[in-house]
Amino acid sequence: MSQKQNSNVPAIIVCILLFGMISFVTNLASPMGDILKNQFQVANWMGTLGVLCNFIAYAIMGIPAGNLLQKKGYKFTALAAVAVGFTGVGIQTIAGLLEGNLAFGIYLLGAFVAGFSMCMLNIVVNPMLNKLGGGGNRGNQLVQVGGSFNSLMGTAVIFLTGVFVPSLVDAKISQVFPLMYIALAIFAVAFVVILLTKIPENPVVAAKAEEKSQYGPMSFRHFVLGAVAIFIYVGVEVGIPNVLQKWLQNGGLNVTGDAATAIAGTVTATYWLLMLVGRLLGAALGAKVSAKNMLLAVSGVGLVLVLGAMFLPHVGVSLPVFKGTAGFGLAEVPVNAALLVLCGLCTSVMWGGIFNLAVEGLGKYTEKGAGIFMAMVCGGGILPFVQNAVVDWTSSYLTSYWVIVAGLAFLLYYALVGCKNVNKDIPTE
């Protein structure tokens, strides 16, 4: 390994750790939706307001954060993001000390502020890992490695929520205080680590950001379609396990009560665990398989799995799960749920593939493009909100997966046709 490559190792490690922070805080919002629903006795769509607030923050902060990255660099943006994240989780913690509608409102405010932080961190780690890897397949490989740690933390927070909240009937925000304390500690430690870590900056970016140009990221068709693809992908990634867990908790299993809650949580955590497995495989294959072929394969397989889950009869299959007070063991789960869980293998590598395809050939517009990308991550709140509204409207959890089918169909189109750069005449240096 060259001296230059050795000097990049600390920055790469920091980026991977930040990937984990993003997942820990973001994934906590999904089970918190069930807690909010039961604590405040609201409908499914209102229970997802925390997720919505978390992701709507991306739409507001995406472009400003991209501009901040251009002007202040990676390190400053990362430190600011960590400080904002600490504040957001702190506000959510305060909500657990309050009662009534005030507590609900304060929690949503905290989720909104935390969303700002997740957006800023995403803007830092994605282009930076891609850049440290030299772009192309190697850059995609590093993004997949970061995504693997992201999935590990996402799996951990879903499982731990089930441990701290064994029963949703009397669930309260205060029960997940231990997880919030962990998040606060992660932010505090990360701030110190980032402060002491030498992170390479791109001195050319700020200078070029000041140049007036008739072009920008939105001048590239493949980037515009890629931004739409990211909006849809994040909604698909969040929506599949979000509704799956609600379905299993509310009649999807042949058991009820605390056992159903524990089993549903374990099955949903398995989805995130398979995302970890998929990203590890993606990291191993990233240097050999193009981002286009990878996205093409997983979009097609994901489409087949979701359609199978919607239309196959509810035949039971045995899965190893956590049964609450009964401990670990095998439980009968509908094969439909098992197929949705397998979708985690498909969604695992989509982010890196879409990002690399969309920014390929953007040159000096890459950093600004990353900001636009982050604004489109709001799909992770909007699509699950729509999907849960469909559940309330049709009284059918599986019918709501038509939203997911439409999303996966677009991703398949993007991999086949939309990712081609048809604007190579635009100067990017």
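Cut-offs applied
- Residues numbered from 1 in each chain as written.
- Predicted model: local features only at pLDDT ≥ 70, side-chain atom pairs only at ≥ 80, totals over all residues.
- Heavy atoms only, no water.
- Helix = DSSP H or I, 4+ residues; strand = E, 2+ residues; numbered from the N terminus.
- Buried < 20%, exposed > 50% of the residue type's maximum accessible area, 1.4 Å probe, protein only.
- Contact = heavy atoms within 4.5 Å.
- Areas by Shrake-Rupley, 256 points an atom, 1.4 Å probe, with all protein chains shown as cover.
- Patch = residues over 30% accessible without salt bridge, like charges linked within 9 Å, V, L, I, M, F, W, Y side chains within 5 Å.
- Salt bridge = Lys/Arg side-chain N within 4 Å of Asp/Glu carboxyl O.
- Expected span 1.5 Å × (residues − 1).
- Bend = angle between axes of the 7 residues up to and from the residue.
- Phe/Tyr/Trp six-rings, centres within 6.5 Å; stacked < 30°, edge-to-face > 60°.
- Axes fitted to C-alpha atoms, helices over the stretch in contact; angles between N-to-C directions.
- Parallel < 35°, antiparallel > 145°, perpendicular 65-115°, else oblique.
- Left-handed = near helix turned anticlockwise from the far one by under 90°.
- Nonpolar A, V, L, I, M, F, W, Y, C, P; charged D, E, K, R; others polar.

1. A short note on the overall build of the protein chain
Assigned secondary structure in the protein chain consists of 15 helices and 2 strands. Here the protein chain holds 429 residues, and 59% of them are scored as buried. By sequence separation, contacts in the protein chain at least 24 residues apart represent 84% of the contacts at least 6 residues apart. By element, 68% of the accessible surface of the protein chain is carried by carbon and sulfur atoms, the whole surface being about 16,500 Å².

2. A closer look at a nonpolar patch on the surface
Together, V277, L281, L285, L342 and L345 give the surface a local cluster of nonpolar side chains, amounting to about 380 Å² of exposed area. Elements with a contribution of two residues or more to the nonpolar patch: α9 (257-285) and α11 (335-347). No other element matches α9, which puts 3 residues into the nonpolar patch. Here L342 falls in the partly exposed class, since its relative accessible area comes to 36%.

3. Some words on helix α3 (residues 49-95)
When the terminal C-alpha atoms of α3 are compared, their 15 Å separation across 47 residues is substantially less than the 69 Å that a helix rising 1.5 Å per residue should span. Remark: the principal bend of α3, roughly 125 degrees, maps to G73.

4. Thoughts on the environment of M153
Along the chain, M153 falls in helix α5 (residues 136-164). Owing to a relative accessible area of 17%, M153 belongs among the buried residues under this scheme. In the structure, M153 is positioned 132 residues away from M21 in sequence and 7.5 Å away in space, judged by C-alpha atoms.

5. What to know about the packing of aromatic side chains
Within this structure, the stated rule accounts for 11 aromatic pairs. Plain terms: the ring middles of Y233 and W351 are 6.4 Å apart, the flat faces sit at 55 degrees to each other, and that makes the pair tilted. Here Y233 is found in helix α8 (residues 221-252), whereas its partner W351 is found in helix α12 (residues 350-359), with 118 residues between them in sequence. Here the two residues Y233 and W351 agree in accessibility, since each one is buried.

6. Examining unusual backbone geometry
For S395, which is not glycine, the phi dihedral falls at a positive 60 degrees. Along the chain, the position of S395 falls in the loop between α14 (379-394) and α15 (402-418).

7. Details of the packing of α3 against α14
Taken N-terminus to C-terminus, the directions of α3 and α14 make an angle of 150 degrees; their axes are 7 Å apart at the nearest point. On the basis of the axis angle, α3 is roughly antiparallel to α14. Here α3 runs over α14; the crossing is left-handed. On the side of α3, the interface is formed by L49, V51, L52, F55 and I56, while α14 contributes G380, G381, I382 and F385. Residues of the contact of α3 with α14, tallied by class, amount to 7 nonpolar, 2 polar and no charged.

8. Comments concerning the side chain of T93
Along the polypeptide, T93 turns up in helix α3. With a relative accessible area of 10%, T93 lands in the buried category. Discounting residues that sit within four places of it in the chain, T93 has contacts with F177, M180, Y181 and L184.

9. Quick word on α8
The sharpest bend along α8 comes to roughly 25 degrees, located at G239, with the proline P241 sitting one to four residues further on. Most of α8 sits inside the fold, with 27 of its 32 residues counted as buried.

10. Considering the packing of α12 against α15
For any two helices packed against each other, one specifies the inter-axial angle together with the distance between the axes. Relative orientation of the contacting elements α12 and α15 amounts to 45 degrees, with a least axis distance of 12 Å. As judged from the angle between their axes, α12 and α15 are oblique. Here α12 runs over α15; the crossing is left-handed. Touching M350, I354, L357 and A358 of α12 are L408, L411 and Y414, all from α15. Each residue belonging to the contact of α12 with α15 can be placed in one class, and the counts come to 7 nonpolar, no polar and no charged.

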